[in-house]
Amino acid sequence: GLRVLEALAASGLRSIRFAKEVPGLRAVVANDFSARAVELMNRNVAFNGVGDLVAPRMADARMLMYQCKADRELFDVIDLDPYGSPAPFLDAAVQAVSEGGLLCVTCTDMGVMAGNSAETCYSKYGAMSLKGKFCHEMALRIILHSLDSRANCYQRFIVPLLSISADFYIRVFVRVFTGQAKVKASASKQALVYHCVGCGTHHLQRLGKVTSHGTGYGRALWWRGGPCDSGELLTPRLSSSSFKYGAATGPPVGPTCEFCQQRHQLGGPMWAEPLHDPAFVERVLAALQSSPGRFQTEERMQGMLSVVTEELGDVPLYYTLDSLSSTIHCNTPSLLQFRSALLHAGYRVSLSHACKNAVKTDAPPAVLWDIMRCWAKIHPVKRERLAETSPASRILSVEPTLQASFTLRDDANPSSRKRGLKRFPENPEAFWGPKARAKAG
Ligand SMILES: [Zn+2]
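As named in an unreviewed UniProt entry, the chain is tRNA (guanine(26)-N(2))-dimethyltransferase, taken from Spizaetus tyrannus. Listed under Catalytic activity (unreviewed entry) in UniProt, the entry text for the chain is "guanosine(26) in tRNA + 2 S-adenosyl-L-methionine = N(2)-dimethylguanosine(26) in tRNA + 2 S-adenosyl-L-homocysteine + 2 H(+)".

What follows is the structure, given as structure tokens:
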């Protein structure tokens, strides 16, 4: 059976749920640094009759994890759900998890991670956050970057299974593997983000480059395909000696934005590989469907996971329909119209579970702005009221080279939307949101 550690267990509620709801566990260690919490946990464990599985512990979570590593008693699953940032616990967690084991990490410091204080984000996670429309997905990519780089210190690397942005927090589920050769690829999995302060266009700059000898495979090979439970996900089909690692080249942008001539902010580095393992998410969805009524939040889980399966895995970040429109001061096309235009132009497009109006697409920014220019031709913008140096004027003063078609396409409607799934959170209920921080003691 699996050994589970809930490192910051508070009342022990989740550990008790693990014991009652997850079959085949060997032991659950429910740890907290507070004597009061551990007392409460002991009562809750006894009350729920799970004393044979759940062992409350009172320790500094880091010391407990380092000690387990020293004793070679690694955990198969480590759950970190602190109040605020998990950053102080990551170094111990990436070492104390077993080979191929699972880390579940929650961050509730969303202000910091979504660009409100980038310098604090850097001190905690080693990455500058940005205030872009894509900030919730970027927060996921920042914690993944942080986990991977800390794992790299110990010749380990992460493979994300599922990365969720919900309400006021984010939570990632990653497996941790060991392999000196594969750790070499980690730099090429991270990217800096250039984000235009005028029009919001973004560009990615990878930190490293992987090239393969004489096979014609690109670095895409590092993540495409492979069953999720065999550790094959990041295994190249070639021996690692056939790869060469080096510096990336760049930058991807000039000194000013090619569309609006304003400056770029620099964010990251962030994880630039897929956020989820589609095969794993499909299995979670199947498990959910095979036992209806098991979870109160079933509807929401099904909706969110369905959107997750539709997300373009190889396209980091996204734009939003409202920000594209407000940049050029035009009215907003419907989601179906805009998605249709992208599909007509030969590009892929998806939603993101992290943002209701997201447009995630492999179309380059020049195509997005051409589509918006075509839209503005049909729905004219009052140009005389725009300052000549505004992003709107500068973008609209260029003739589109692409003839966008907004004729609706059937495949522009995402399946999760067609099926009417509950995909995004509704208005919060009473007592919704994080509670006050626990008092020391
Ligand atoms: Zn710009």
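We are not done yet, so read on.
Some details on the packing of helix 4 (residues 87-96) against helix 7 (residues 135-152)
Two elements in contact, helix 4 and helix 7, have axes whose closest approach is 9 Å; the angle formed by their N-to-C orientations is 45°. Relative to helix 7, the element helix 4 is oriented oblique. When you trace helix 4 past helix 7, the crossing you get is right-handed. Across the interface between the two elements, A87, L90, D91 and V94 from helix 4 touch I143, S146, L147, R150 and A151 from helix 7. Looking at the contact of helix 4 with helix 7 residue by residue, the classes come out as 6 nonpolar, 1 polar and 2 charged.

Concerning the sheet that holds strand 8 (residues 190-196)
Within the open sheet, the 3 strands sit side by side as 9-8-12. Their pairing is antiparallel. Two strands in the sheet have a free side with no partner beyond their single neighbour: strand 9 (202-206) and strand 12 (264-271). For this sheet, the mean angle separating the axes of adjacent strands, direction not counted, is 25°. In terms of strand pairing, strand 8 meets strand 9 through 5 bridges, oriented antiparallel. Residue pairing in the sheet places Y194 in a bridge with H203 of strand 9.

Some details on the sheet that holds strand 7 (residues 169-178)
The sheet built from 7 strands is open, its strands ordered 3-2-1-4-5-7-6 with mixed pairing. With partners counted over all chains shown, the strands left at the sheet margins are strand 3 (54-58) and strand 6 (156-166), one partner each. Strand-to-strand twist in this sheet, taken as the mean axis angle between neighbours without regard to direction, amounts to 15°.

Parameters and conventions
- Residues numbered from 1 in each chain as written.
- Predicted model: local features only at pLDDT ≥ 70, side-chain atom pairs only at ≥ 80, totals over all residues.
- Heavy atoms only, no water.
- UniProt positions renumbered as here; feature names shortened; annotations may be inferred.
- Axes fitted to C-alpha atoms, helices over the stretch in contact; angles between N-to-C directions.
- Helix = DSSP H or I, 4+ residues; strand = E, 2+ residues; numbered from the N terminus.
- Parallel < 35°, antiparallel > 145°, perpendicular 65-115°, else oblique.
- Left-handed = near helix turned anticlockwise from the far one by under 90°.
- Contact = heavy atoms within 4.5 Å.
- Nonpolar A, V, L, I, M, F, W, Y, C, P; charged D, E, K, R; others polar.
- Pairing = 2+ DSSP bridges.

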